[in-house]
Amino acid sequence: DTGVSQDPRHKITKRGQNVTFRCDPISEHNRLYWYRQTLGQGPEFLTYFQNEAQLEKSRLLSDRFSAERPKGSFSTLEIQRTEQGDSAMYLCASSLAGLAAYEQYFGPGTRLTVT
Amino acid sequence: AQSVAQPEDQVNVAEGNPLTVKCTYSVSGNPYLFWYVQYPNRGLQFLLKYITGDNLVKGSYGFEAEFNKSQTSFHLKKPSALVSDSALYFCAVRDSTGGFKTIFGAGTRLFVKA
(Lines give C-alpha, C1' and ligand atoms only; values in the text may rest on other atoms or scores of the structure.)
Protein backbone atom coordinates (compact mmCIF):
# COMPACT_ATOMS: atom_id res chain seq x y z
CA ASP A 1 0.00 0.00 0.00
CA THR A 2 1.55 3.30 -1.08
CA GLY A 3 -0.90 5.59 0.68
CA VAL A 4 -0.30 7.94 3.59
CA SER A 5 0.60 6.10 6.78
CA GLN A 6 0.53 7.29 10.36
CA ASP A 7 2.03 5.85 13.49
CA PRO A 8 0.84 5.08 16.07
CA ARG A 9 -2.83 4.54 15.30
CA HIS A 10 -3.79 4.99 18.93
CA LYS A 11 -2.05 6.70 21.83
CA ILE A 12 -3.19 6.94 25.42
CA THR A 13 -1.17 9.23 27.63
CA LYS A 14 -1.43 10.94 30.96
CA ARG A 15 -1.87 14.66 31.26
CA GLY A 16 1.44 16.44 31.25
CA GLN A 17 3.30 13.87 29.19
CA ASN A 18 4.81 14.55 25.76
CA VAL A 19 3.71 12.62 22.69
CA THR A 20 5.05 12.39 19.16
CA PHE A 21 3.24 11.22 16.06
CA ARG A 22 4.73 10.26 12.73
CA CYS A 23 3.36 10.66 9.21
CA ASP A 24 4.77 9.10 6.05
CA PRO A 25 3.27 10.79 2.98
CA ILE A 26 2.93 9.40 -0.52
CA SER A 27 6.46 9.42 -1.83
CA GLU A 28 6.05 11.85 -4.74
CA HIS A 29 4.00 14.36 -2.75
CA ASN A 30 5.81 17.56 -1.82
CA ARG A 31 3.06 18.99 0.36
CA LEU A 32 2.15 17.68 3.78
CA TYR A 33 -0.62 18.84 6.08
CA TRP A 34 -1.58 18.17 9.70
CA TYR A 35 -5.15 18.43 10.93
CA ARG A 36 -6.98 17.77 14.16
CA GLN A 37 -10.47 16.30 14.18
CA THR A 38 -12.77 16.09 17.17
CA LEU A 39 -16.03 14.21 17.34
CA GLY A 40 -18.74 15.84 15.26
CA GLN A 41 -16.40 18.26 13.57
CA GLY A 42 -14.51 18.45 10.33
CA PRO A 43 -10.73 18.39 10.17
CA GLU A 44 -9.18 21.55 11.59
CA PHE A 45 -6.03 22.82 9.87
CA LEU A 46 -2.91 22.83 12.04
CA THR A 47 0.07 23.27 9.77
CA TYR A 48 1.44 22.79 6.26
CA PHE A 49 4.81 21.91 4.78
CA GLN A 50 6.14 22.22 1.29
CA ASN A 51 9.13 19.90 1.21
CA GLU A 52 10.97 20.60 4.48
CA ALA A 53 9.69 24.16 4.90
CA GLN A 54 6.82 24.82 7.29
CA LEU A 55 4.96 27.50 5.35
CA GLU A 56 1.80 27.95 7.31
CA LYS A 57 0.75 27.38 10.90
CA SER A 58 -2.66 27.84 12.48
CA ARG A 59 -3.05 30.31 15.29
CA LEU A 60 -4.80 27.46 17.05
CA LEU A 61 -1.47 25.70 17.31
CA SER A 62 -0.16 26.67 20.70
CA ASP A 63 3.52 26.71 21.55
CA ARG A 64 3.08 23.22 23.01
CA PHE A 65 2.71 21.90 19.47
CA SER A 66 5.61 21.57 17.08
CA ALA A 67 5.94 19.88 13.73
CA GLU A 68 8.93 19.01 11.61
CA ARG A 69 9.59 17.52 8.23
CA PRO A 70 13.31 16.86 8.01
CA LYS A 71 14.58 16.22 4.49
CA GLY A 72 11.11 16.76 3.13
CA SER A 73 10.00 13.19 3.63
CA PHE A 74 8.22 11.99 6.78
CA SER A 75 6.87 14.43 9.32
CA THR A 76 6.48 14.41 13.08
CA LEU A 77 4.00 16.26 15.25
CA GLU A 78 4.93 16.66 18.90
CA ILE A 79 2.64 17.79 21.68
CA GLN A 80 4.35 18.79 24.89
CA ARG A 81 2.68 18.80 28.31
CA THR A 82 -0.50 17.26 26.98
CA GLU A 83 -3.86 18.46 28.25
CA GLN A 84 -7.21 16.70 28.20
CA GLY A 85 -8.36 19.13 25.53
CA ASP A 86 -5.73 17.71 23.21
CA SER A 87 -7.70 14.46 22.96
CA ALA A 88 -8.63 14.17 19.30
CA MET A 89 -7.86 12.41 16.05
CA TYR A 90 -4.73 13.81 14.43
CA LEU A 91 -4.78 13.50 10.66
CA CYS A 92 -1.98 13.80 8.18
CA ALA A 93 -2.50 14.43 4.47
CA SER A 94 -0.26 14.90 1.48
CA SER A 95 -0.64 16.26 -2.01
CA LEU A 96 1.26 17.11 -5.12
CA ALA A 97 2.74 20.59 -5.46
CA GLY A 98 2.21 23.03 -8.28
CA LEU A 99 0.02 25.88 -9.34
CA ALA A 100 -3.08 23.73 -9.47
CA ALA A 101 -5.06 22.95 -6.36
CA TYR A 102 -4.44 19.28 -5.92
CA GLU A 103 -6.58 17.11 -3.72
CA GLN A 104 -5.20 15.82 -0.47
CA TYR A 105 -4.73 12.17 0.41
CA PHE A 106 -5.37 11.42 4.06
CA GLY A 107 -3.84 8.89 6.38
CA PRO A 108 -5.89 6.82 8.84
CA GLY A 109 -5.11 9.18 11.70
CA THR A 110 -3.69 8.86 15.20
CA ARG A 111 -6.28 8.87 17.95
CA LEU A 112 -4.93 10.57 21.07
CA THR A 113 -6.56 10.11 24.43
CA VAL A 114 -5.25 12.19 27.32
CA THR A 115 -6.30 10.90 30.73
CA ALA B 1 -11.54 34.80 6.39
CA GLN B 2 -12.44 31.50 4.82
CA SER B 3 -15.42 29.55 6.06
CA VAL B 4 -17.59 26.62 5.05
CA ALA B 5 -21.11 25.83 6.17
CA GLN B 6 -22.90 22.52 5.86
CA PRO B 7 -26.36 23.40 7.11
CA GLU B 8 -27.60 19.83 7.55
CA ASP B 9 -26.19 17.53 10.19
CA GLN B 10 -27.90 14.57 8.54
CA VAL B 11 -29.60 13.82 5.24
CA ASN B 12 -31.92 10.87 4.89
CA VAL B 13 -32.82 9.47 1.49
CA ALA B 14 -34.32 6.27 0.16
CA GLU B 15 -32.23 4.05 -2.07
CA GLY B 16 -32.76 4.92 -5.72
CA ASN B 17 -33.80 8.49 -5.00
CA PRO B 18 -31.64 11.50 -5.85
CA LEU B 19 -29.60 13.01 -3.07
CA THR B 20 -28.25 16.48 -2.36
CA VAL B 21 -25.81 17.46 0.37
CA LYS B 22 -25.55 21.22 0.76
CA CYS B 23 -22.47 23.39 1.16
CA THR B 24 -21.94 27.14 1.16
CA TYR B 25 -18.62 28.91 1.47
CA SER B 26 -16.96 32.26 2.01
CA VAL B 27 -13.54 33.29 0.69
CA SER B 28 -11.87 36.55 -0.25
CA GLY B 29 -10.66 35.46 -3.66
CA ASN B 30 -11.73 32.72 -6.02
CA PRO B 31 -12.49 29.42 -4.30
CA TYR B 32 -11.03 26.00 -4.77
CA LEU B 33 -13.77 23.64 -3.58
CA PHE B 34 -13.60 19.99 -2.59
CA TRP B 35 -15.80 17.20 -1.35
CA TYR B 36 -14.43 14.37 0.78
CA VAL B 37 -16.14 11.29 2.20
CA GLN B 38 -15.39 9.42 5.40
CA TYR B 39 -16.60 5.87 5.80
CA PRO B 40 -16.66 4.26 9.27
CA ASN B 41 -13.18 3.30 10.46
CA ARG B 42 -11.63 4.59 7.25
CA GLY B 43 -9.74 7.73 6.36
CA LEU B 44 -11.05 10.69 4.44
CA GLN B 45 -11.27 10.07 0.71
CA PHE B 46 -11.35 12.65 -2.06
CA LEU B 47 -14.56 12.71 -4.14
CA LEU B 48 -14.30 15.70 -6.46
CA LYS B 49 -13.09 19.26 -6.82
CA TYR B 50 -13.88 22.52 -8.55
CA ILE B 51 -10.97 24.70 -9.60
CA THR B 52 -12.18 26.56 -12.66
CA GLY B 53 -14.21 25.99 -15.80
CA ASP B 54 -17.45 24.06 -16.05
CA ASN B 55 -19.67 24.66 -13.04
CA LEU B 56 -20.77 21.02 -12.95
CA VAL B 57 -17.98 18.69 -11.90
CA LYS B 58 -18.12 14.93 -11.82
CA GLY B 59 -16.29 12.75 -9.37
CA SER B 60 -15.96 9.29 -7.94
CA TYR B 61 -18.81 6.81 -7.34
CA GLY B 62 -21.26 8.72 -9.56
CA PHE B 63 -21.21 11.89 -7.47
CA GLU B 64 -21.26 15.35 -8.98
CA ALA B 65 -21.33 18.87 -7.62
CA GLU B 66 -22.50 22.19 -8.96
CA PHE B 67 -20.59 25.38 -8.33
CA ASN B 68 -22.81 28.45 -8.05
CA LYS B 69 -20.78 31.62 -7.67
CA SER B 70 -23.72 33.96 -7.06
CA GLN B 71 -25.04 31.77 -4.26
CA THR B 72 -21.54 30.82 -3.05
CA SER B 73 -22.64 27.21 -2.99
CA PHE B 74 -21.14 23.87 -3.98
CA HIS B 75 -23.83 21.25 -3.41
CA LEU B 76 -23.03 17.56 -3.79
CA LYS B 77 -25.49 15.50 -5.79
CA LYS B 78 -26.11 11.99 -7.02
CA PRO B 79 -29.00 10.97 -9.27
CA SER B 80 -29.67 7.63 -7.59
CA ALA B 81 -28.52 6.90 -4.03
CA LEU B 82 -27.12 3.56 -2.91
CA VAL B 83 -27.13 2.14 0.61
CA SER B 84 -23.35 2.00 0.32
CA ASP B 85 -23.27 5.80 -0.05
CA SER B 86 -24.12 6.09 3.64
CA ALA B 87 -21.17 7.95 5.16
CA LEU B 88 -19.98 11.30 6.47
CA TYR B 89 -19.42 13.94 3.81
CA PHE B 90 -17.21 16.99 4.18
CA CYS B 91 -17.11 20.09 2.02
CA ALA B 92 -13.82 22.02 1.99
CA VAL B 93 -12.58 25.30 0.56
CA ARG B 94 -9.25 26.91 -0.14
CA ASP B 95 -8.84 30.54 -1.09
CA SER B 96 -6.91 30.78 -4.36
CA THR B 97 -5.28 34.01 -3.19
CA GLY B 98 -4.29 33.08 0.32
CA GLY B 99 -1.90 30.25 1.05
CA PHE B 100 -2.66 26.56 1.23
CA LYS B 101 -4.87 26.43 4.28
CA THR B 102 -7.94 24.30 3.60
CA ILE B 103 -11.06 24.82 5.69
CA PHE B 104 -13.46 21.93 6.20
CA GLY B 105 -17.12 22.04 7.07
CA ALA B 106 -18.49 20.21 10.09
CA GLY B 107 -19.75 17.37 7.91
CA THR B 108 -23.11 15.96 6.89
CA ARG B 109 -24.05 12.40 7.67
CA LEU B 110 -25.84 10.75 4.76
CA PHE B 111 -28.12 7.87 5.57
CA VAL B 112 -29.53 5.90 2.65
CA LYS B 113 -32.34 3.57 3.56
CA ALA B 114 -32.98 0.39 1.57
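See the structure printed just above.
Treat the numbers as computed from the prediction; the structure is a model and nothing was measured.

(A) Layout of the overall build of chain B. Along the backbone of chain B there are zero helices and 12 strands. Going from N to C terminus, chain B has its helices and strands arranged as β-β-β-β-β-β-β-β-β-β-β-β. Relative to the globule expectation of 13 Å for 114 residues, the C-alpha radius of gyration of chain B, 14 Å, shows essentially globular dimensions. Along the first, second and third principal axes, the C-alpha atoms of chain B reach 45 × 30 × 20 Å. The buried share of chain B, reckoned over its 114 residues, is 47%. For chain B, contacts bridging at least 24 residues in sequence account for 56% of all contacts bridging at least 6. Within the structure as shown, chain B displays about 5400 Å² of accessible surface, and the carbon and sulfur contribution to it stands at 49%. Distance from the positive charge centre (11 side chains) to the negative charge centre (8 side chains) of chain B: 5 Å.

(B) Quick peek at unusual backbone geometry. All names here are of chain A. Put simply, D7 and P8 share a cis peptide bond, and its omega is -5 degrees. On the secondary structure map, P8 appears in the loop between β1 (5-7) and β2 (10-13). Here N51, not a glycine, exhibits a phi torsion of approximately 55 degrees, which is positive. Tracing the backbone through its elements, the reader meets N51 in the loop between β5 (44-50) and β6 (53-57). Phi angles above zero are rare outside glycine, and K71 is one such case at about 65 degrees. Residue K71 is classed as exposed on the basis of its relative accessible area of 81%.

(C) Quick look at the interface of chain A and chain B. The interface is formed by 19 residues belonging to chain A together with 18 residues belonging to chain B. Summed over both sides, the interface between chain A and chain B buries roughly 1600 Å², with carbon and sulfur atoms accounting for 56% of that surface. There are one salt bridge connecting chain A and chain B. The residue K49 of chain B makes a salt bridge to E103 of chain A at a minimum N-O spacing of 3.0 Å. Run the count over chain A and chain B and you get five residue pairs in polar contact (both at pLDDT 80 or more). Those elements that provide at least two residues to the side of chain A that touches chain B are β4 (31-37) and β5 of chain A.

(D) The arrangement of the pattern of salt bridges in detail. Per the stated rule, a full pass over the model turns up eight salt bridges over all chains. Residue D85 of chain B is joined to K78 of chain B by a salt bridge in which the shortest nitrogen-to-oxygen separation is 2.8 Å. For D85 of chain B, a relative accessible area of 3% gives the class buried. Sharing partners across several salt bridges, the network here consists of R64, E83 and D86 of chain A.

(E) Layout of the environment of S96 of chain B. Residues and elements named next belong to chain B. Residue position: S96 is located in the loop between β10 (87-95) and β11 (102-104). You can call S96 partly exposed: its relative accessible area is 25%. For the pair formed by S96 and I51, sequence separation is 45 residues and the distance between their alpha carbons is 9.0 Å. Apart from the residues lying within four places of it in its own chain, the contact partners of S96 are G29, N30 and Y32. Within the structure, the side chain of S96 is placed 2.8 Å from the backbone oxygen of N30, a separation counted as a polar contact.

(F) A look at the sheet that holds β1 of chain A. Residues and elements named next belong to chain A. Read from one edge of the open sheet, four strands run β1-β3-β8-β7, paired in antiparallel fashion. Each of the sheet's edge strands pairs with one partner strand only, and the pair in question is β1 and β7 (65-68). Pairwise comparison of adjacent strand axes, ignoring direction, gives a mean angle of 15 degrees for this sheet.

Parameters and conventions
Position numbers for residues count from 1 along each chain, tracking the sequence in the order it is written. Written order decides the labels, with chains lettered from A and ligands numbered from 1. Local features in this predicted model are restricted to residues whose pLDDT is 70 or higher, and side-chain atom pairs enter the listing and the counts only when it is 80 or higher, whereas totals over whole chains, interfaces and linings include all residues. Computation of side-chain values: all heavy atoms of the structure, hydrogens and water removed. Only DSSP runs of H or I with at least four residues qualify as helices, and only runs of E with at least two residues qualify as strands; both kinds are numbered from the N terminus onward. For a compact globule the rule gives 2.2 Å times the number of residues to the power 0.38, and the radius of gyration it is set against comes from C-alpha atoms. The buried label applies to any residue whose accessible area, calculated with a 1.4 Å probe on protein chains only, is under 20% of its type's maximum; exposed applies above 50%, and partly exposed to all values in between. Throughout, a residue-residue contact means that at least one pair of heavy atoms, one from each residue, lies within 4.5 Å. Computed by Shrake-Rupley with a 1.4 Å probe, the accessible areas treat only the displayed protein chains as cover when residues are assessed. For the charge count, each Lys or Arg is scored as positive and each Asp or Glu as negative, with His and the chain ends excluded. Working definition for charges: the position is that of NZ of Lys, CZ of Arg, CG of Asp or CD of Glu. Defined in terms of a 1.4 Å probe, buried area is the accessible area two parts forfeit on being brought together, summed over both. Salt bridges are defined by distance alone: a side-chain nitrogen of Lys or Arg within 4 Å of a carboxyl oxygen of Asp or Glu. Polar contact criterion, stated in full: a pair of N or O atoms within 3.5 Å, where within protein one must be able to donate a hydrogen and the other to accept it, and residues adjacent in sequence count only if both atoms are side-chain atoms. At least two bridges found by DSSP between two strands are what make those strands a pair. Convention adopted: a line fitted to C-alpha atoms gives each axis, helices being fitted over their contacting stretch, and angles between N-to-C directions are expressed from 0 to 180 degrees.

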